[in-house]
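Per-entry structural report
The lines below spell out each chain.
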Amino acid sequence: MGCKPSAKTDSASTSPKTTVVANSASPLTPVLFEDVTKQIGLHHVYDNGEDSNLYVYLESVGSGVAVVDFDLDGWPDFFFPGGGRLPALGQIQGLPGTAWRNQFGERVVNITAESSLNVTKHYTMGAQAADINCDGFPDLLITGYGGVLIMMNQGDGTFIDVTSNSGVDASLWCTSAAFADFNQDGVLDLFIAQYIDWSWENNPDCKSTAGVRDICPPAAFKGLSDRMYLGKGDGSFLDASDRLDAEAKGKGLGVLAGDFDQDSWVDVYVANDTTNNLYYHNLTEGKFEEVGVSSGSALDERGLPTGSMGVATLDYDNDLKPDLWVCNYEQESFALYKNEGNSVYRGVSSLAGLTALGTMFVAFGTATADFDSDGDEDIAVTNGHVLRHPPGNTVEQLPLFLSNNGKGKLIRQEFHPDSYFSQKWRGRGMVAADIDQDGDLDLIVSHVNQPSAVLKNKTQNSSQWLQIELKGTRSNRDAIGSQVVMVTNKAKRLRLVCGGGSYLSQGPYSLHFGIPPGEKIEYAEITWPDGQKQRVDGLNPNQKHVLIEPVSASISAATK
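Criteria and cut-off values
- Residues numbered from 1 in each chain as written.
- Predicted model: local features only at pLDDT ≥ 70, side-chain atom pairs only at ≥ 80, totals over all residues.
- Heavy atoms only, no water.
- Pairing = 2+ DSSP bridges.
- Helix = DSSP H or I, 4+ residues; strand = E, 2+ residues; numbered from the N terminus.
- Axes fitted to C-alpha atoms, helices over the stretch in contact; angles between N-to-C directions.
- Buried < 20%, exposed > 50% of the residue type's maximum accessible area, 1.4 Å probe, protein only.
- Contact = heavy atoms within 4.5 Å.
- Polar contact = N/O pair within 3.5 Å; in protein donor to acceptor, adjacent residues only side chain to side chain.
- Domains from an automatic or database assignment.
- Buried area = accessible area lost by both parts, 1.4 Å probe.
- Salt bridge = Lys/Arg side-chain N within 4 Å of Asp/Glu carboxyl O.
- Nonpolar A, V, L, I, M, F, W, Y, C, P; charged D, E, K, R; others polar.
- Disulfide = S-S within 2.5 Å.
- Lys, Arg positive; Asp, Glu negative; His and termini not counted.

As for the sheet that holds strand β39 (residues 521–527)
One open sheet accounts for four strands, arranged β36-β35-β39-β40; its pairing is antiparallel. What marks the edges here is a single partner per strand, and that holds for β36 (492–496) and β40 (533–537). The average undirected angle you get between the axes of adjacent strands in this sheet is 20°. For strand β35 (residues 483–488) and β39, the ladder comprises six bridges, and the chain directions are antiparallel. Within the sheet, the bridge partner assigned to V484 lies in β39 and is I526.

Here it is in structure tokens:
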């Protein structure tokens, strides 16, 4: 089936830490970010309604961000969900999100009203973007309490609400989601994580361990089943939730879809809040088996479930197998699961130095990428507490940047006192994207009741870079489920095109590779979502390359 190309296709804590300081003699190049939020004209504040002082569980979750080129002008745009108000017991008022057009990486312009994205149907939280009807334009999914909104991109700068005719009937508490082609028919499908059974009828009064009224713990509620829908190619879907393991339930907050076991069938990983994380292994044709416990990715190194929120994949040790990264609650370590092959993972948080970060962080959004273009992937994390009065902790927390030393260790970097990373925030969503098209990856971060932030990467080094954007023809247009191995004269590096990830967020589907000094690109090997392999030679550094999937299923050994 697939999507044929169109003319548009080408276009907080004081815990112990290991640090890398800008003036140290460390071989790691410090990564520098500049907060340009005000400079570029962005102003968005997610409102969780907590000023009504109802201490409702809805307040705790926060929001994400979608960063995608909605108008296909080559510059990634932004959409932030708006949240909601809680005027009185039993009442919820949805607030509109905001949409921003990127003008050459220097300014953003609020286009919420003119794009018709000022919808207020739900108390909104998450945002996903992908081309669900194969017309070349990315569409938008907005998740929240009470269901989802599917906003179809009309290609003229406007969106229309097609939810009622979409076949997506998830109507409970929908948090994160991911688009991917689970049955290899060339059309994007949809996976939605659902959270807990909170309602006004199930709204207990709770107190913290200090005896102060506060947000209830997730243990006070039952988890909900995840939902899956198969795409028809016209923007509508069929409910296929029965293809998931009926016994698998959780309290889903983070979702990541990708070909983790590299068998050309897209799998799904769900980060659950205080229950086992779920690993849905695709058995082929979009039929899944939940193998979280047997794979070694459901529990932490102590064998316990965690309060998991953000999730991402990276090849932290450059062994050409995608590893899993999970952000957890306080009194728990960050979780790094090393991929041993054949859907088997080993917890290596301690070996990677992550336990040295302490356990005071409540970690949400995250981005894994080669931010310093030194050849290995680093990690950024945004943190912030869910309680109003957390005992022994603070609501606002420091974000983290973990630099990969290329030897199996992730080392916390310290920043100048004036830096964004040296200030405390109520962090939630995070996306990495090259918003100014200068070759390095910037960060877009959402907060709760604080202005969202845009951080431009200002790192200075002698490295080069390569960006690859894949366009499917036989496969889904966004090529979700692909993998690319970039080969130089000294190394091979892996990147996956994934749906979902981070926390309630979605970033661009393009791939970024850093090229350290002394290395030269030889070729890239693409594995398209249907398993077909393609070698591409002649890739120049310091450029973004748009590579279109050959229409024929028979691919030659080299395509220039």
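Following the structure, the description resumes.
Some remarks on the environment of R495
Residue placement: R495 occurs in strand β36. Classification of R495 as buried rests on a relative accessible area of 6%. When the C-alpha atoms of R495 and H512 are compared, they prove to be 7.9 Å apart, with 17 residues separating the residues in sequence. Leave out the neighbours within four places in its chain, and R495 touches D370, E377, Q483, V484, L511, H512 and F513. Polar side-chain contacts of R495 include one of 3.0 Å to the backbone oxygen of H512.

Digging into the domain arrangement of the protein
One can read the domain layout of the protein as domain 1 (33–465) and domain 2 (466–548). Its C-alpha centre places domain 1 at a distance of 22 Å from the equivalent point of domain 2. Summed over both partners, the interface of domain 1 with domain 2 comes to about 4000 Å²; 54% of that surface belongs to carbon and sulfur atoms. Sorting the residues of domain 1 by area buried against domain 2 places L320, Q464 and W465 first, and these three jointly supply 19% of that buried surface. Taken together, the links from domain 1 to domain 2 amount to two salt bridges. The salt bridge partner of R495 is E377, with a shortest N-O separation of 3.6 Å. Elements represented by at least two residues in the side of domain 1 that touches domain 2 include exactly β3 (66–68), β9 (123–130), β13 (174–180), β19 (252–258), β23 (311–314), β27 (363–369), β31 (427–433) and β34 (464–471). Each residue belonging to the side of domain 1 that touches domain 2 can be placed in one class, and the counts come to 31 nonpolar, 26 polar and 12 charged.

Things to note about the pattern of salt bridges
Across all of its chains, the model carries 23 salt bridges by this definition. Close ionic contact of R388 with E59 constitutes a salt bridge, the shortest N to O distance being 3.3 Å. Of this pair, R388 sits in the loop between β28 (378–383) and β29 (400–404) while E59 sits in the loop between α1 (37–40) and β3, and the two are 329 residues apart along the sequence. A residue is classified by how much of its surface remains accessible, and R388, at 17% relative accessible area, is buried.

Thoughts on the state of the cysteines
Using the criterion set out here, one finds one disulfide in the structure. In this model, C206 is linked to C216 through a disulfide, with the two sulfur atoms separated by 2.0 Å. Disulfide C206-C216: the torsion about the S-S bond is 95°, which places it as right-handed. Of the two residues, C206 sits in strand β15 (residues 206–207) while C216 sits in the loop between β16 (213–214) and β17 (227–231), which places them 10 residues apart along the sequence. Since its relative accessible area comes to 14%, C206 is described here as buried. Distance from the sulfur of C327, which forms no disulfide, to the nearest cysteine sulfur (C498) is 15 Å. We classify C327 as buried; its relative accessible area is 0%.

Notes on the side chain of E332
Structurally, E332 can be placed in the loop between β24 (323–326) and β25 (335–341). Here E332 sits buried without a salt bridge, and the closest side chain of opposite charge, R302, lies 5.0 Å off (N-O distance). Of the polar contacts made by the side chain of E332, one reaches the backbone nitrogen of Y329; its length is 3.1 Å. Excluding residues within four positions of it along the chain, E332 makes contact with R302, P305, T306, G307 and T359.

Points about the sheet that holds strand β4 (residues 77–80)
Strand order in the open sheet formed by four strands is β3-β4-β7-β8, and the pairing between neighbours is antiparallel. Of all the strands in the sheet, the pair left with one neighbour each is β3 and β8 (107–110). Taken pair by pair, the neighbouring strands of this sheet meet at an average axis angle of 25°, ignoring direction. Pairing geometry for β4 and strand β7 (residues 98–103), over three bridges, is antiparallel. Following the sheet pairing, F78 is matched in β7 by W100.

Considering the pairing of strand β26 (residues 344–347)
Where β25 and β26 come together, four bridges link them in antiparallel fashion. Looking at the pairing, N339 lines up with Y345 of β26. Once β25 ends, the chain turns through two residues before running back antiparallel as β26, passing N342 with a positive phi of about 60°.

Focus: the side chain of N383
Mapped onto the elements, N383 comes out in strand β28. In this structure the side chain of N383 is engaged in a polar contact, spanning 2.7 Å, whose partner is the backbone oxygen of L398.

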